[in-house]
There are 2 protein chains.
Amino acid sequence: MTRRIKVGGAQMGPITKADGKPAIVARLVALLRQAGERGCELVVFPELTLSTFFPRWYAPERDGMDHYFDRAMPGPETQLLFDEAKRLGIGFCLGYAELVEEEGRLRRFNTSILVDRAGALVGKYRKIHLPGHAEYEPQRSHQHLEKRYFEVGNTGFQVWEAFGGTVGMAICNDRRWVETYRVMGLQNVELIMIGYNTPVSDSLSGETETLRMFHNHLTMQAGAYQNSTWVVGVAKAGVEDGHRLMGGSVIVAPTGEIVAAAETEGDELIVADCDLDRCEYYKSHIFNFAAHRRPEFYGRITAQKGVAKGPRST
Amino acid sequence: MTRRIKVGGAQMGPITKADGKPAIVARLVALLRQAGERGCELVVFPELTLSTFFPRWYAPERDGMDHYFDRAMPGPETQLLFDEAKRLGIGFCLGYAELVEEEGRLRRFNTSILVDRAGALVGKYRKIHLPGHAEYEPQRSHQHLEKRYFEVGNTGFQVWEAFGGTVGMAICNDRRWVETYRVMGLQNVELIMIGYNTPVSDSLSGETETLRMFHNHLTMQAGAYQNSTWVVGVAKAGVEDGHRLMGGSVIVAPTGEIVAAAETEGDELIVADCDLDRCEYYKSHIFNFAAHRRPEFYGRITAQKGVAKGPRST
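For clarity, every value in this text was computed on a predicted model and none was experimentally measured.

## Quick notes on the pairing of strand β6 (residues 159–162) of chain B
Residues and elements named next belong to chain B.
And step 1. Taken together, the four bridges between β6 and strand β7 (residues 165–171) define a ladder with antiparallel strand orientation. Bridge pairing in β7 links Trp-160 to Val-167.
And step 2. Between the antiparallel neighbours β6 and β7 lie two residues, among them Phe-163 with a positive phi of about 55 degrees.

Next up, the structure:
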């Protein structure tokens, strides 16, 4: 039985405030068809694929961005995407803003879903590491209000048996956090799908665009190597209403090496033939967790949230 | 008050079985003097600085390498190094094989000590992530018997207030493990000193030398960036009795960027002027742990050692 899976990373170019969902879905369908022509079995779309990156805008009310959220997936405007994927026999990972009634109230999450080649929902992930801030900050050239419009996800970092292997999802800022990869690594993950929207500039730091792209790749490459897993990182890129997002979509092998990379900041499909068995060598040797990890010395990682000095037994 | 510290990474060329300790110490002293001329306040030496990398050789008895171990630090042959460092006003981090009577028995650790500019011992670290194996494995071109000759360290990943900042130590294989950096990051570490001995080839994997060097740097650069800390990684390098160790000593800024790098596989000093205040930006923004971490979803990291699938509440 083969454990190779041909994966497409469907980078999206910019989506402006003015773009309507039918036009956006038509672009997704076009990328799916390209993926079909290239033999992909699984396509990864970015974070918040169905709208502009609205957390850069301030709304006085927390529900002020609800028009960008989806209540049903598929819904009337996204059904076409699901139908086309099923027709092509392609599974996909799709990020969107999720509005849901749970625990007797409306809740908002930054969500990704995974759909199999037959069109069935495999799993859902709700973003845990929300970056940015919750209130308007006038010193910024653009806002980053994810903590305003979303709740922290409540799904944890799960993995699923799908596409012939063990797969997981993360979203954007999650990729910078070692715990994201490790929690899935401890469940034997072999392929992690990550969509992102990342501005090319940080209005507070003065970091160069080059440095920020280095960080984008550094964290995904280290996460892949240190957990012996494929990582598919897919951007929404380009200039959205004057605000530019980085591209740099990549597929990273379990060696940490980039094996496919986007060249543009537009709609662009990158493809790699991912042999899930390549995860096995590191998982059983240098990163054989059972042989080498020492959780008795890791206590602070779960016992404390922020920095805390002073003696601790573990 | 300045928070800049000029740090030297004192890469060592090969040490063969035949080399005596006086000759080795003379090389360390020469590197210290170079560091003094270049204005260094702190010098980092490699792992197991005082001997060849003996875990590549099999001995039938576990005490068969005891002649490479030091019982006292400083001892008769290393006193010269301590004296010279004090005279120059240079602190240092030194790796060595430690033989100690504790708990009523002889114990062996792969150890680093940190000595301040006045010659006083600041702290001791005993290596936690021992790589390799404990028994002879005939399929290997060279052995990696750290699990045979050393016990797992019992110090934990501590940090110390020294050299104007918060500093910590790790050794060799520790640098590949995200938990190493994170446990110190959670104590506000600003500079981590790491010595290593790493073969250029792995007799089982067929990895290229280039890939292995990439992993060496990838893990330290990611560890630095993701924890907003300087990392000083220092090799023992070159051909020891026919077995070649990689060089690639580097000083990594809190941005993850390499700011100094060795060019040779011999005795070589690399120097960087490390501004500890550069840690502050990331620590208070993108990697503000208190604002962004979510330990309620990290449970597996401390609750399990090896891979375990299946549902888990956190």
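Alright, that's what it looks like, and here's the rest.
## Observations concerning the pairing of strand β1 (residues 4–11) of chain A
And step 1. With respect to burial, β1(A) is a largely interior element, six of its eight residues being buried.
And step 2. A crossover connection joins β1(A) to the parallel strand β2 (residues 42–44) of chain A through helix α1 (residues 21–37) of chain A; in handedness this β-α-β unit is right-handed.

## Some remarks on the interface of chain A and chain B
And step 1. Taken together, the 65 residues of chain A in the interface contact 65 residues of chain B.
And step 2. Buried surface at the junction of chain A and chain B, summed over both partners, amounts to about 6100 Å²; 63% is from carbon and sulfur atoms.
And step 3. When residues of chain A are sorted by the area they lose upon contact with chain B, A:Trp177, A:Phe297 and A:Lys305 head the list and together hold 12% of the total.
And step 4. Across the contact surface, chain A and chain B share four salt bridges.

## As for the confidence of the model for chain A
And step 1. Averaged over every residue, the pLDDT of chain A is 96; the share at 70 or more is 98%.
And step 2. This complex was scored by the predictor with a pTM of 0.97 and an ipTM of 0.97.

## Overview of helix α5 (residues 209–227) of chain B
Residues and elements named next belong to chain B.
And step 1. An ideal rise of 1.5 Å per residue puts 27 Å on 19 residues; α5 measures up with 27 Å between its terminal C-alpha atoms.
And step 2. Across the 19 residues that make up α5, a large majority, 15, are buried.
And step 3. One or two residues past the end of α5 sits Ser-228, with phi positive at roughly 55 degrees.

## Side note on the pattern of salt bridges
And step 1. With the rule as written, the count across this model stands at 62 salt bridges over all chains.
And step 2. A:Lys21 is the partner of A:Asp70 in a salt bridge, and the nearest nitrogen-oxygen pair spans 2.9 Å. Placement of the pair is A:Asp70 in the loop between β2 and α2 (79–88) and A:Lys21 in helix α1, with a sequence separation of 49 residues.
And step 3. A residue is classified by how much of its surface remains accessible, and A:Lys21, at 14% relative accessible area, is buried.
And step 4. The salt bridge involving B:Lys236 is made with B:Glu240; its shortest N-O contact spans 2.5 Å. With respect to burial, B:Lys236 and B:Glu240 carry one shared label: buried.

## Topic: the environment of A:Pro76
And step 1. Note on placement: A:Pro76 falls in the loop between β2 and α2.
And step 2. When its relative accessible area of 83% is taken as the criterion, A:Pro76 is described as exposed.

## Description of the state of the cysteines
Residues and elements named next belong to chain A.
And step 1. A complete count under the given rule lists zero disulfides over all chains for this structure.
And step 2. With no disulfide of its own, Cys-274 lies closest to Cys-279 among cysteine sulfurs, the gap being 9.0 Å.
And step 3. For Cys-274, a relative accessible area of 0% corresponds to the buried category.

## As for the relation of the copies chain A and chain B
And step 1. In screw terms, the move from chain A to chain B is a rotation of 180 degrees and a rise of 0.0 Å along the axis, fitting with an RMSD of 0.0 Å. Both chain copies can therefore be described as sitting about a two-fold axis.
And step 2. When the interface residues of chain A are mapped onto chain B, 100% of them again lie at the interface, so the same face is used by both copies.

## A short note on the sheet that holds strand β8 (residues 191–197) of chain B
Residues and elements named next belong to chain B.
And step 1. With mixed pairing, six strands are arranged side by side in an open sheet as β6-β7-β8-β9-β12-β13. Every interior strand has two partners, whereas the edge strands, β6 and β13 (258–261), have only one. If you compare each strand with its neighbour and ignore which way they point, the axes differ by 20 degrees on average.
And step 2. Bridge count for strand β12 (residues 250–252) against β13 is three bridges, and the pairing is antiparallel. Within β13, the position partnered with Val-252 by the bridge is Ile-258.
And step 3. Docked against the sheet, helix α4 (residues 178–185) engages β6, β7, β8 and β9 (230–236), running at close to 160 degrees with respect to β7.
And step 4. The strands touched by α5 within the sheet are β8, β9, β12 and β13, with β12 carrying the most contacts at an inclination of about 25 degrees.

## Brief notes about the UniProt feature "domain: CN hydrolase" (unreviewed entry) in chain A
And step 1. Taking the UniProt record as the reference, the feature "domain: CN hydrolase" (unreviewed entry) is found at residues 5–276 of chain A.
And step 2. Here residues 5–276 of chain A is 21% helix and 31% strand, with 8 Å between the C-alpha atoms at its ends.

## Focus: the environment of A:Leu81
Residues and elements named next belong to chain A.
And step 1. You can see Leu-81 is positioned in helix α2.
And step 2. A residue is classified by how much of its surface remains accessible, and Leu-81, at 0% relative accessible area, is buried.
And step 3. Along the chain, Leu-81 and Gly-39 lie 42 residues apart, while their C-alpha atoms are 18 Å from each other.
And step 4. When sequence neighbours within four positions are dropped, the list of residues in contact with Leu-81 reads Val-25, Leu-28, Val-29, Leu-32, Phe-45, Phe-92 and Leu-94.

## With respect to the packing of helix α4 (residues 178–185) of chain A against helix α5 (residues 209–227) of chain A
In a pair of packed helices, the angle between the axes and the distance between the axes together describe the arrangement.
All names here are of chain A.
And step 1. α5 packs onto α4 with a crossing angle of 25 degrees between their chain directions and a minimal axis gap of 10 Å. Judged on the interaxial angle alone, α5 and α4 are roughly parallel. Like other packed secondary-structure pairs, α4 and α5 cross with a definite hand, here right-handed. Across the interface between the two elements, Tyr-181, Arg-182 and Gly-185 of α4 pack against Thr-219, Met-220, Gly-223, Gln-226 and Asn-227 of α5.

## Regarding the environment of A:Met220
And step 1. Within the element layout of this structure, A:Met220 appears in helix α5.
And step 2. Look past the residues within four positions of A:Met220 in its chain and what remains in contact with it is A:Arg175, A:Tyr181, A:Ile194, A:Tyr196, A:Val231, A:Gly233, A:Val250 and A:Val252.

## Re the sheet that holds strand β1 (residues 4–11) of chain B
Residue and element names in this part refer to chain B.
And step 1. Here we have six strands laid out as an open sheet, ordered β5-β4-β3-β2-β1-β14, and mixed in their pairing. The two strands at the open ends of the sheet, each matched to only one other strand, are β5 (121–126) and β14 (268–275). This sheet shows a mean twist of 35 degrees between the axes of neighbouring strands, independent of strand direction.
And step 2. As judged from the eight bridges shared by β1 and β14, these two strands associate in the antiparallel manner.

Cut-off values and rules
Throughout this description, residue numbers start from 1 for each chain and increase along the sequence as written. Each chain is given a letter, starting from A, and each ligand a number, starting from 1, according to the order in which they appear as written. Local features in a predicted model are, by the rule used here, given only for residues with pLDDT of at least 70; side-chain atom pairs are given and counted only at 80 or more, and totals for whole chains, interfaces and linings are based on all residues. The basis for every side-chain value is the complete set of non-hydrogen atoms in the structure, without hydrogens or water. Two strands make a pair as long as DSSP finds a minimum of two bridges between them. Only runs of H or I of at least four residues qualify as helices and only runs of E of at least two qualify as strands under DSSP, and these elements are numbered from the N terminus. Relative accessible area decides the class of each residue, using a 1.4 Å probe on protein chains only: under 20% of the type maximum gives buried, over 50% gives exposed, and in between gives partly exposed. Here is how to tell: hold the view so the strands point away, follow the path from the first strand over the helix to the second, and if it runs clockwise the crossover is right-handed. Contacts are assigned to residue pairs that have any heavy atoms within 4.5 Å of one another. Here the buried area means the combined drop in accessible surface, using a 1.4 Å probe, for two parts upon being joined, counting both sides. Each reported salt bridge corresponds to a side-chain nitrogen of Lys or Arg within 4 Å of a carboxyl oxygen of Asp or Glu. Residue-level confidence of the predictor is summarised by pLDDT, bounded by 0 at the bottom and 100 at the top. One less than the residue count of a helix, multiplied by 1.5 Å, gives the span that helix is expected to have. By disulfide we mean two sulfur atoms from cysteines, separated by a distance within 2.5 Å. To superpose the copies, least squares is applied to the C-alpha atoms of every residue with a pLDDT of at least 70 in both. Between N-to-C directions, angles cover 0 to 180 degrees, with each direction set by a line fitted to C-alpha atoms, over the stretch in contact for helices. UniProt positions are given in the numbering used here, feature names are shortened, and annotations may be inferred rather than shown by experiment. In this scheme, roughly parallel covers angles under 35 degrees and roughly antiparallel covers those over 145, while 65 to 115 is roughly perpendicular and the rest are oblique. In a left-handed crossing the near helix is turned counterclockwise from the far helix by less than a right angle, and in a right-handed crossing that turn is clockwise.

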